[in-house]
Amino acid sequence: HVQFETDCVTEANLAQFVADVKASQADAVQLALCCFAEKGEARARKLDWLGKLIKTFDDLGYPTAVWTSSLGYGGGLSPAEQERIGSAQKLVALDGQSHSTAVCPLDPALGDYLGENLRDFIRCGAKVVLYDDEWIQTGRGHICCVCPRHLALVERRLGRKVTVEEIRKSFTGAPNAVRTAFLDANGEASMRLARHLRAVADAVDPSVTLGVCATYTLFDIEGLDVDAFLTVLAGKGHRKLLRASGAPYWQ
């Protein structure tokens, strides 16, 4: 697989990108369009170009995926993102603070934002949409999430009220009900978003496959059954898609 940013490709250099893909002897192409929150004419232009790129590489026989973001990388938001999800609930760490701009998967605003993007990608011709490795609630230097929506899920499992401090303390010592409820709540949060996006895709084109990039916290502190997560994303009758971790900038 070879990946490149759609914004890096222009009419002037498209032929060179095609030549480079052929020279690489790649089996497939991934077109990156992350943090996509533009509106109006700017959005239409990007989507038109994305559609042309998908068709270009599909016609050449390359299975072509759209690579995009989900919860956010945790850095600053672009003006377009700020307008769209700037007021959404951010991930809240075990110290009770929001340390990044990454959005809680339980916030409906995130589901609406990602759902609109997914619909537009599919309408552009995408048959595979791959979410980047920031579909995690941890891994940005903190363990998350203890926002009010997450606390409600924890309390539902415990059958009583719980504090952020109590959850934080549950991470030392023997296995305990509070830690288990917290991890399960985080897993449910990701699964809810996965089911929502799968339903969005099915409403447009059930043949589309959704997948995710792996990251180390996905397999331990996210509270997820990764196989079940991938099954929901992939959809009925589709192969599960997990891109292995690793990038050239990881040393």
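For the structure, see preceding data.
Given the structure is predicted, the values throughout are model-derived calculations rather than measurements.

We now examine the pairing of strand 5 (residues 209-213). The element strand 5 is extensively covered by neighbouring structure, given that five of its five residues are classed as buried. Alternating positions in strand 5 separate into two faces, Thr-209, Gly-211 and Cys-213 on one and Leu-210 and Val-212 on the other, with burial throughout. The pairing of strand 4 (residues 128-131) with strand 5 spans four bridges and is parallel. Bridge pairing in strand 5 links Val-129 to Leu-210.

Below, the discussion takes up the packing of helix 5 (residues 148-158) against helix 7 (residues 177-204). Their axes nearest at 8 Å, the elements helix 5 and helix 7 cross at an angle of 125°. Considering their axes alone, helix 5 and helix 7 lie oblique with respect to each other. Pair helix 5 / helix 7 crosses with right-handed handedness. Between helix 5 and helix 7, the residues in contact are His-150, Leu-153, Val-154, Arg-156, Arg-157 and Leu-158 and Ala-177, Val-178, Ala-181, Phe-182, Asp-184, Ala-185, Asn-186, Glu-188, Ala-189 and Arg-192, respectively. By residue class, the composition of the contact of helix 5 with helix 7 is nine nonpolar, two polar and five charged.

Our focus in this paragraph is the sheet that holds strand 1 (residues 2-5). Whenever strands of a sheet pair, they do so through backbone hydrogen bonds, lying parallel or antiparallel. Read from one edge to the other, the open sheet built from six strands follows the order 1-2-3-4-5-6, with strand pairing classed as parallel. Where the open sheet ends on each side, the last strands, each with one partner, are strand 1 and strand 6 (242-243). Sitting on the sheet, helix 4 (residues 108-123) touches strand 3 (64-68), strand 4 and strand 5, and the angle it makes with strand 4 is about 145°.

Turning our attention to the pattern of salt bridges. Applying the stated criterion to the full structure yields 20 salt bridges. A salt bridge links Arg-45 to Glu-41; the shortest N-O distance between them is 4.0 Å. Taken as a pair, Arg-45 and Glu-41 lie in helix 2 (residues 40-59) at a separation of four residues, close to a single helical turn. Judged on exposure class, the residue Arg-45 and its partner Glu-41 are both exposed. Among the ionic pairs, Arg-149 bridges to Asp-107, the shortest N-O distance being 3.9 Å. Taken together, the positions of Arg-149 in helix 5 and Asp-107 in the loop between helix 3 (79-85) and helix 4 put the pair 42 residues apart, joining distant regions of the chain. Exposure remark for Asp-107: the relative accessible area of 10% places this residue in the buried category. One connected set of salt bridges, linked through shared partners, spans Arg-43, Arg-84, Glu-116, Asp-120 and Arg-123.

This model, assessed by the stated rule, comprises seven aromatic pairs. Plain terms: the ring middles of Tyr-131 and Trp-135 are 5.4 Å apart, the flat faces sit at 90° to each other, and that makes the pair edge-to-face. The class for Tyr-131 is buried, based on a relative accessible area of 2%. Take Trp-135: its relative accessible area is 1%, and that puts it in the buried class. By the ring-pair criterion, three or more aromatic residues cluster together here, those being Phe-4, Phe-17, Phe-57 and Tyr-62.

This paragraph deals with the side chain of Thr-64. Looking at the element boundaries, Thr-64 is found in strand 3. Only 3.2 Å separates the side chain of Thr-64 from the side chain of Asp-58, close enough to count as a polar contact. Within the structure, Thr-64 has its side chain in polar contact with the backbone oxygen of Tyr-62 (distance 2.8 Å). If near-sequence neighbours (up to four positions away) are discounted, Thr-64 is found in contact with Val-29, Leu-31, Ile-54, Phe-57, Asp-58 and Val-128.

Now for the state of the cysteines. Inspection of every chain in the model, using the stated rule, returns zero disulfides. No disulfide involves Cys-147; its sulfur sits 3.7 Å from the nearest other cysteine sulfur, which is in Cys-104.

Definitions and cut-offs
Residues numbered from 1 in each chain as written. Predicted model: local features only at pLDDT ≥ 70, side-chain atom pairs only at ≥ 80, totals over all residues. Heavy atoms only, no water. Buried < 20%, exposed > 50% of the residue type's maximum accessible area, 1.4 Å probe, protein only. Helix = DSSP H or I, 4+ residues; strand = E, 2+ residues; numbered from the N terminus. Pairing = 2+ DSSP bridges. Axes fitted to C-alpha atoms, helices over the stretch in contact; angles between N-to-C directions. Parallel < 35°, antiparallel > 145°, perpendicular 65-115°, else oblique. Left-handed = near helix turned anticlockwise from the far one by under 90°. Contact = heavy atoms within 4.5 Å. Nonpolar A, V, L, I, M, F, W, Y, C, P; charged D, E, K, R; others polar. Salt bridge = Lys/Arg side-chain N within 4 Å of Asp/Glu carboxyl O. Phe/Tyr/Trp six-rings, centres within 6.5 Å; stacked < 30°, edge-to-face > 60°. Polar contact = N/O pair within 3.5 Å; in protein donor to acceptor, adjacent residues only side chain to side chain. Disulfide = S-S within 2.5 Å.

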